[in-house]
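Okay, here's what each chain looks like letter by letter:
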Amino acid sequence: MNNQPVRRVLTGMRTTGSLHLGHYVGALKLWIDAQKTDSECFFLLADVQALTTHAENSALIRNSVTEVVLDWIAAGIDPTRKNVNFVLQSDVKARADLSLYFMMIAKFGEVERNPTVKDEMRGNRNPSMGFLTYPVDQAADIYMISPVNSVGNRLLIPVGADQAPHLEYSRELARRFNSMYNTDIFLPCTAEIGEIGRLVGIDGQEKMSKSKGNAIDLSDSSEEVTRKIMKMYTDPNRKRATDPGKVEGNPMFMYFDAFADDKEEVAEYKKLYQKGKVGDVPLKQRLAKIINNVLEPMRERRLEAEKLPLGDIVRVGTARASEISEEVVEKARVSMGLGYPR
Ligand code: TRP
């Protein structure tokens with residue numbers, strides 16, 4: 001045994017279709033930084049969690065796995081790095097066991113109170129049982145590769161802001177398990193929440209989301225991006241370019257803030273806009289250019305990624321997660337009193 005601290009990063013996305021700019025600014029940027037550290041990274045293709053809302057659409061789940069892998073690589077996640085693993089959730093068998101074990105120590109009332117679940121429930125009037133319990137299941141994603149709870153070890157979870165309640169709850173489950181069974185199996189995770197939690201959609205109404213039809217996809221062509229930006233919602237009370245415009249809450253400026261490197265340039269546009277000295281159209285044209293500059297390297301990387309043996313990449317990453325999780329979950333099983341007494 002060596003005494004090197006164990007540092008791991010785990011995070012994931014549901015495989016329910018192609019990814020958009022909201023995924024990029026909310027989560028993927030953090031992931032890209034995480035892979036550059038000396039931590040071993042596990043990026044989870046959450047196909048089981050995708051079923052919590054899309055069980056009737058197996059074709060979507062199946063096709064989305066490759067789509068998400070390509071989007072990740074395009075965005076700059078590099079699976080050829082030694083410390084990077086792409087993990088297919090449904091293929092880590094021990095994970096399902098751990099999920100069921102956590103269900104036994106999680107309380108119904110706690111899950112009912114989860115603010116993200118409550119929020120998501122408003123759009124889902126007849127949720128599946130899997131949907132209701134997904135924060136518990138997600139704890140199994142996290143702790144299946146947990147280092148033991150000792151000083152120096154680390155389990156970092158970079159995610160978008162909407163995931164914060166789930167991570168807090170998963171910490172509670174880890175602590176509860178450890179104290180109920182008097183063990184150090186699980187290291188309560190550390191959340192890393194992105195600066196820009198949510199990106200509003202081009203409709204300016206809700207967070208960017210494929211199902212709302214207000215998304216700019218990472219795989220959109222430059223013409224598509226420009227077309228979407230040009231019809232983007234801005235200040236509804238501004239009729240002419242000479243009217244003073246509102247900057248706060250204006251999606252166009254939220255996008256400038258999120259994507260423009262040159263903050264002075266953006267400050268200047270805001271000033272002109274507030275004074276009624278610049279129209280929406282030239283600003284939108286500039287914004288489309290800025291966003292296309294972010295997406296252009298992704299388009300190039302995607303072409304390269306299409307030549308990679310993606311199936312093998314996912315198999316190798318999944319095998320690594322399985323190897324660790326079998327050991328962790330076996331310890332959990334024994335501490336709970338399961339298995340024939342030895
Ligand atoms: N619930 C996350 C989302 O919708 C995806 C996810 C699944 C995840 N398992 C995870 C995130 C484990 C972090 C850790 O974005």
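Residues numbered from 1 in each chain as written. Predicted model: local features only at pLDDT ≥ 70, side-chain atom pairs only at ≥ 80, totals over all residues. Heavy atoms only, no water.

Asks: Looking at this structure, how should I read the overall build of the protein chain?
Replies: Assigned secondary structure in the protein chain consists of 14 helices and five strands. Residue burial in the protein chain is summarised as follows: out of 342 residues, 51% are buried. The long-range fraction of contacts in the protein chain, counting pairs at least 24 apart against all pairs at least 6 apart in sequence, stands at 77%. A total of about 16,900 Å² of accessible surface is found on the protein chain, and carbon and sulfur atoms cover 52% of it. Within the protein chain, the 47 negative side-chain charges are centred at a point lying 3 Å from the centre of the 47 positive side-chain charges. (Helix = DSSP H or I, 4+ residues; strand = E, 2+ residues; numbered from the N terminus. Buried < 20%, exposed > 50% of the residue type's maximum accessible area, 1.4 Å probe, protein only. Contact = heavy atoms within 4.5 Å. Areas by Shrake-Rupley, 256 points an atom, 1.4 Å probe, with all protein chains shown as cover. Lys, Arg positive; Asp, Glu negative; His and termini not counted. Charge placed at Lys NZ, Arg CZ, Asp CG, Glu CD.)

Asks: Help me out: how do you make sense of the sheet that holds strand β5 (residues 190-193) in this one?
Replies: One key point about sheets: their strands pair by backbone hydrogen bonds, in either a parallel or an antiparallel sense. Pairing is parallel in the open sheet, where five strands are placed in the order β3-β2-β1-β4-β5. The open sheet has two free edges, formed respectively by β3 (84-88) and β5, since each of these has just one partner strand. Averaged over all adjacent pairs, the angle separating strand axes in this sheet is 25°, with direction ignored. Two strands pair when backbone bridges link them, and strand β1 (residues 7-14) and strand β2 (residues 40-46) are joined in this way by seven bridges, in the parallel orientation. (Pairing = 2+ DSSP bridges. Axes fitted to C-alpha atoms, helices over the stretch in contact; angles between N-to-C directions.)

Asks: What's the story with the site of the ligand in this structure? I'm lost.
Replies: Neighbouring the ligand are 14 residues, the closest being G12, Q49, Q138, D141 and Q163. Q49 places a polar side-chain atom, nitrogen or oxygen, 2.7 Å from a nitrogen atom of the ligand. For the ligand, a nitrogen atom lies 2.8 Å from a polar atom in the side chain of Q138. Coverage of the ligand by the protein chains reaches 89% of its 370 Å² of free accessible surface. (Near = heavy atom within 4 Å. Polar contact = N/O pair within 3.5 Å; in protein donor to acceptor, adjacent residues only side chain to side chain.)

Asks: Sorry, what's going on with the pairing of β3 here?
Replies: Consecutive residues of a regular strand have side chains that alternate between opposite faces of the sheet. The element β3 is largely enclosed, with a buried count of five among its five residues. Of the two faces of β3, the one holding V84, F86 and L88 and the one holding N85 and V87 are both buried throughout. Pairing of β2 with β3 involves five bridges; the strand directions are parallel. Residue L45 lies in a different strand from β3, and its bridge partner there is L88.

Asks: When you look at the packing of aromatic side chains in this model, what are you seeing that I'm missing?
Replies: Think of a pair of aromatic rings as described by two things: how far the centres are apart, and how the planes are tilted against each other in angle. Summed over the entire model, instances satisfying the criterion amount to 16 aromatic pairs. Ring geometry for F102 and F177: centres 6.3 Å apart, planes at 90°, overall edge-to-face. Of the two residues, F102 sits in helix α4 (residues 93-105) while F177 sits in helix α9 (residues 164-180), which places them 75 residues apart along the sequence. Across the pair, exposure class does not vary: F102 and F177 are buried alike. Geometry around Y273 places R238 over its ring, the cationic atom sitting 4.0 Å from the centre. (Phe/Tyr/Trp six-rings, centres within 6.5 Å; stacked < 30°, edge-to-face > 60°. Lys NZ or Arg CZ within 6 Å of the ring centre and 35° of its normal.)

Asks: Sorry if this is basic, but what is going on with helix α11 (residues 251-259) here?
Replies: Owing to its 3.6 residues per turn, the α-helix aligns residues three or four sequence positions apart on the same side. In terms of burial, α11 is a largely internal element, seven of the nine residues being buried. Listing the buried residues of α11 in full gives P251, M252, F253, Y255, F256, A258 and F259. On its buried side, α11 packs onto α1 (21-34), α12 (263-274) and α13 (280-305).

Asks: Can you walk me through the layout of surface pockets in this structure?
Replies: Quantified by volume, the largest pocket comes out at close to 1,500 Å³. Of all the secondary structure elements, the ones that give two or more residues to the lining of the largest pocket are β1, α1, β2, α2 (47-54), α6 (115-121), α8 (134-143) and β4 (154-159). The residue makeup of the lining of the largest pocket, split by class, is 17 nonpolar, 22 polar and 11 charged. (1 Å grid on protein atoms, 1.4 Å probe; cavity = no way out; pocket = protein on both sides within 12 Å on 5 of 7 lines; lining within 4 Å. Points joined across faces, edges and corners; volume = space filled by probe spheres on them. Nonpolar A, V, L, I, M, F, W, Y, C, P; charged D, E, K, R; others polar.)

Asks: Any chance you could explain α4 here in plain terms?
Replies: The complete set of buried residues in α4 reads A94, R95, L98, S99, Y101, F102 and I105. Relative to the axis of α4, the buried residues are bounded by an arc of 165° and lie together on one face. Facing away from the buried surface of α4 by more than 90 degrees, the exposed residues are K93 and M104. Against α2, α8, α9 and α14 (310-335) lie the buried residues of α4. (Arc of directions from axis to C-beta.)

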